[in-house]
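Each chain is listed here by its residues.
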Amino acid sequence: MFRLNNETQIPEIGLGVYKMKAGKEMNDAVKYAYQSGYRLYDTAQMYKNEQALGDALKENKIPREDIFLISKVNNCNQGYEKTISSFKESLQKLQTEYLDAFLVHWPGQDKARMLDTWKAMEHLYKKGKVKSIGVCNFEISQLTYLLEHCEIKPMIDQVEHTPLMHDEKLISFCKENDIQIMAWGPLLRGNLENKKMEEIAEKYNKTTAQLLLRWNIQQGIIPIPKSKNEQRLQQNIDVFDFEITKEDMEELNHMNENHRTSFDPLTFDF
Ligand SMILES: NC(=O)c1ccc[n+]([C@@H]2O[C@H](COP(=O)([O-])OP(=O)(O)OC[C@H]3O[C@@H](n4cnc5c(N)ncnc54)[C@H](OP(=O)(O)O)[C@@H]3O)[C@@H](O)[C@H]2O)c1
């Protein structure tokens, strides 16, 4: 377990459910994930599968207190009132009384709107409806602005974080400010063919996927890989029995291409 800045305990790896389909696909993925030991589940209003995840948790009789459940406010629901009303809808769809974390999905370029959204997050946190609050895709300048204006500082920043896309300055900034980094797209969104990574992974008798997940965990960063497949789910959590050497960590770090697979948070607006 890692620890958030409000002392909440959080699992070191989780299951992302972006693009997971309602019904059998979600139900089976949640079943196999839970059986394999996953205790953190990451969805979002934007994924339109909160209801499906809620149904899957119920169908598999997963005790609510066993898991760390995350959702995110959709861009179209930003602003004080809509953040609160959409949060209530998220609770209903997920069939739960509280979330373990609620995150702002994208910062956007409207600072006033972002602060209004954050005020709503603080309100939900104070009410005890959510155990921790945080953001996604926030860069240093956006975190700095939020830290200067907030009452409660974010506990999490969920960002794209792989050997091909990582920002040492952002990681250091978050460490200094006790903000937990969570890595989205940790398996290069499925594009795992990379000779150099394969060679390093082979040294440890691990797959490239396992190497990439371990690379995050070893830095104190929580990866949230998505898989709908029983064997791959098992493989992805089987990453706690090896240690990547300092030299191999450095080699992986040097692969940085600063190539995003999604929007640039400094320009993307909605
Ligand atoms: N906050 C944000 O803005 C943001 C943005 C994007 C994603 N996210 C979150 O992060 C999670 C993960 O990101 P992602 O889903 O985009 O990409 P990802 O986890 O990097 O990659 C998922 C892809 O990898 C495949 N895969 C899984 N395990 C594998 C393995 N061991 N070997 C080979 N292929 C494997 C999956 O296919 P199968 O399912 O067939 O195994 C799927 O196609 C999302 O589900 C979502 O929860 C957040």
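Being a predicted model, the structure only gives us computed values, none of them experimental. (Residues numbered from 1 in each chain as written. Predicted model: local features only at pLDDT ≥ 70, side-chain atom pairs only at ≥ 80, totals over all residues. Heavy atoms only, no water.)

1. Things to note about the pairing of strand S7 (residues 133–136)
Here is step 1: With burial as the criterion, each face of S7 is covered, one bearing Ile-133 and Val-135 and the other bearing Gly-134 and Cys-136.
Here is step 2: The pairing of strand S6 (residues 101–104) with S7 spans 3 bridges and is parallel. Paired with Leu-103 across the bridge in S7 is Gly-134.
Here is step 3: At this point the chain moves from S6, through helix H4 (residues 111–126), to the parallel S7, and the crossover so formed is right-handed. (Buried < 20%, exposed > 50% of the residue type's maximum accessible area, 1.4 Å probe, protein only. Helix = DSSP H or I, 4+ residues; strand = E, 2+ residues; numbered from the N terminus. Pairing = 2+ DSSP bridges. Right-handed = clockwise from strand over helix to strand, strands pointing away.)

2. Notes on the site of the ligand
Here is step 1: Taken together, 27 residues form the shell around the ligand, and within it Asp-42, Leu-187, Ser-227, Lys-228 and Arg-232 come nearest.
Here is step 2: At a separation of 3.4 Å, an oxygen atom of the ligand approaches a polar backbone atom of Val-17.
Here is step 3: Contact distances for the ligand include 2.7 Å between an oxygen atom and a backbone N or O atom of Leu-187.
Here is step 4: Isolated, the ligand exposes 910 Å² of accessible area, and the fraction of that covered by the protein chains is 87%.
Here is step 5: By residue number, the principal contributor to the shell around the ligand is helix H9 (residues 230–237), which donates 3 residues.
Here is step 6: Grouping the constituent residues of the shell around the ligand by class yields 12 nonpolar, 9 polar and 6 charged. (Near = heavy atom within 4 Å. Polar contact = N/O pair within 3.5 Å; in protein donor to acceptor, adjacent residues only side chain to side chain. Areas by Shrake-Rupley, 256 points an atom, 1.4 Å probe, with all protein chains shown as cover. Nonpolar A, V, L, I, M, F, W, Y, C, P; charged D, E, K, R; others polar.)

3. Focus: H4
Here is step 1: The end-to-end C-alpha distance of H4, which contains 16 residues, comes to 22 Å, matching closely the 22 Å that a straight helix rising 1.5 Å per residue would cover.
Here is step 2: Among all positions in H4, only Arg-113, Met-114, Leu-115, Thr-117, Trp-118, Ala-120, Met-121, Glu-122 and Leu-124 are buried.
Here is step 3: Tucked into the core, H4 has its buried residues touching strand S5 (68–73), helix H3 (80–94), S6, S7 and helix H5 (140–149).
Here is step 4: The N-cap residue of H4 is Asp-110: its side-chain oxygen and the backbone nitrogen of Ala-112 are 3.1 Å apart.
Here is step 5: Count one or two residues on from H4 and you reach Gly-128, which has phi positive near 80°. (Expected span 1.5 Å × (residues − 1). Contact = heavy atoms within 4.5 Å.)

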